[in-house]
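# Summary of the model geometry
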Amino acid sequence: MPSAFTPRRMLLAGRDAADLAADLADALPELDTRTVKHGPLSPEDAAWADGYTGFTVPPNLADSSIRWVHLPMAGVDRVVEELAGQDVVLTRTVGSMPHAIGTYVLAHLLAEAWHLREYAALQSRAEWQPLPSARVAARSVVVLGTGHIGAGVARVLRGAGYRAVGVNTHGGEAGDFDDVVALADAGPHLTACDALVNALPLTAATRGLVDAELLDRLDGAVVVNVGRGATTDPDDLRAALDSGRVRHAVLDVFETEPLPATDWRWTHPAVTVTPHVSGPTEREDVVAAIVEAYEAFTSGRRPPLAVTVDRGY
Ligand code: GLV
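All values reported here derive from a predicted model rather than from experimental measurement. (Residues numbered from 1 in each chain as written. Predicted model: local features only at pLDDT ≥ 70, side-chain atom pairs only at ≥ 80, totals over all residues. Heavy atoms only, no water.)

## Some remarks on the packing of helix α4 (residues 97-113) against helix α6 (residues 148-159)
Where α4 meets α6, the closest approach of the two axes is 7 Å, and the angle between their N-to-C directions is 50°. With respect to α6, the axis of α4 lies oblique. Taken as a pair, α4 and α6 cross one another with a handedness that is right-handed. Contact with α4, carried on its side by Met97, Pro98, His99, Ile101, Gly102, Thr103, Val105, Leu106 and Leu109, involves His148, Ile149, Gly152, Val153, Arg155, Val156 and Leu157 of α6 and no other residues of that element. Of the residues belonging to the contact of α4 with α6, the class tally is 10 nonpolar, five polar and one charged. (Axes fitted to C-alpha atoms, helices over the stretch in contact; angles between N-to-C directions. Helix = DSSP H or I, 4+ residues; strand = E, 2+ residues; numbered from the N terminus. Parallel < 35°, antiparallel > 145°, perpendicular 65-115°, else oblique. Left-handed = near helix turned anticlockwise from the far one by under 90°. Contact = heavy atoms within 4.5 Å. Nonpolar A, V, L, I, M, F, W, Y, C, P; charged D, E, K, R; others polar.)

What follows is the structure, encoded as C-alpha cells:
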C-alpha cells in the first residue's frame, strides 16, 4: 500500500454519481470529486484523478494517475482480474448489506418452515388444513463463507433461534457463529443441516465448489445462494433437487444475469428465483466506506475494507 497517500481528487461513475457527489461534499469536503460515465476516461480526467468509484473499472485505468478504486458493492469478482498487477488499492462497500442479506435468508427459511407456499395453495382452494408448526429452534444452518456476509447471515439467523455453523477453508474462531469448521470437516454438519446458505465470494477456489460431491452430503436441506451464481454447478443442483437431497433452492444469484427466460430454474417447482436483490447497495454505506478508507489512507493505515486483489476477496 502507498505509505503516505492522501486522496484528493476522485472520479465518481454511474447512475448515482451526482447524489454521491453531493453526499461526499458534506461528509468529506477535503475530497474533490467529478462525476463521469462508466467506460474509458478522458485524458484530462485520467490525469486529474487519484481515486475512482464505480461498478466497473475504466479500461484505461493503467494510463491514469488513479491509485485507489472503491467499489460501491461487496463482491469484487468483476474487477479483480483487471486490477491484478496494478499499483492500485481496491476497497469495497459492506455496510448494511450483511444484515439485509441475513433478513432475506431468514424470510425464505421462515416461509419454508411455516409452509407459506403450501398455505397460499390451500387458501386458493378454501381448504382448512393445519400443517406441522415450525420448530426453528431445533434447526441448524450451514453457512458457506465466514466473511462479512456469512457472519451477517449467522447473526440474523441466530437471533431467530437457528444454530449457525460457518464453513471456510481453515476453520477457526466461532465469532458470530455457533461453530466454524473447515470445508474438509463439514460433512456431518452438511448431512445434519436444515439449510445450506452459500455466502461465498467468486474466486478460482470457489468456482463450482457447490457440486455433486458437496450436495450429496445433504439430506433434504433447503439451499440458499446469496453469494455468486458460478460457485454452484447448476446441473448438479438440478440433480440434487430431483433426488430430494435438496428440498428447495432459493437462488438470488446466477452465473448469467439476468437469468435467461428459457432457464429451467424459472419453472422448477422446487426453485425460488429472485433477481439479485438480497444485498442492495445503499448510498449512505458507500459514503461511509469511502470516508473510512480515506481516513485510513491519510493516517497511513491499510483501509479495513481493502481487498487482497490476488486472493480475490
Ligand atoms: C452484490 O452482489 C454485491 O456484491 O454487492
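## Thoughts on the nonpolar core
Judged by nonpolar contacts, the single largest core of 29 residues is most densely connected at Val105, Leu109 and Val224. Contributing elements (two or more residues each) for this core: α4, β6 (140-144), α6, β9 (195-198) and β10 (221-225). Of all the elements, α4 adds the most residues to this core, at seven residues. Every residue in contact with Leu109, bar those within four places of it in the chain, is listed here: Val141, Leu157, Tyr162, Ala195, Val222 and Val224. (Core = buried A, V, L, I, M, F, W, Y, C linked by side-chain atoms within 4.5 Å. Buried < 20%, exposed > 50% of the residue type's maximum accessible area, 1.4 Å probe, protein only.)

## Points about unusual backbone geometry
For the peptide bond that leads from Glu257 to Pro258, omega is -5°, which places it in the cis range. Its location among the elements puts Pro258 in the loop between β11 (246-251) and β12 (271-273). A positive phi angle, near 50°, is found at Ala126, a position not held by glycine. Structurally, the position occupied by Ala126 is in the loop between α5 (116-124) and β6. Its identity is not glycine, yet His276 carries a phi of approximately 50°, on the positive side. Here His276 shows up in the loop between β12 and α10 (283-298). By relative accessible area, which is 33% here, His276 ends up partly exposed.

## Let's talk about the sheet that holds strand β1 (residues 9-13)
Within the open sheet, the five strands sit side by side as β2-β1-β3-β4-β5. Their pairing is parallel. Of all the strands in the sheet, the pair left with one neighbour each is β2 (32-36) and β5 (89-91). Put simply, the sheet's adjacent strands are angled 20° from each other on average, direction ignored. With three bridges connecting them, β1 and strand β3 (residues 51-53) associate as parallel partners. For Leu12, the partnering residue across the bridge sits in β3 and is Thr53. (Pairing = 2+ DSSP bridges.)

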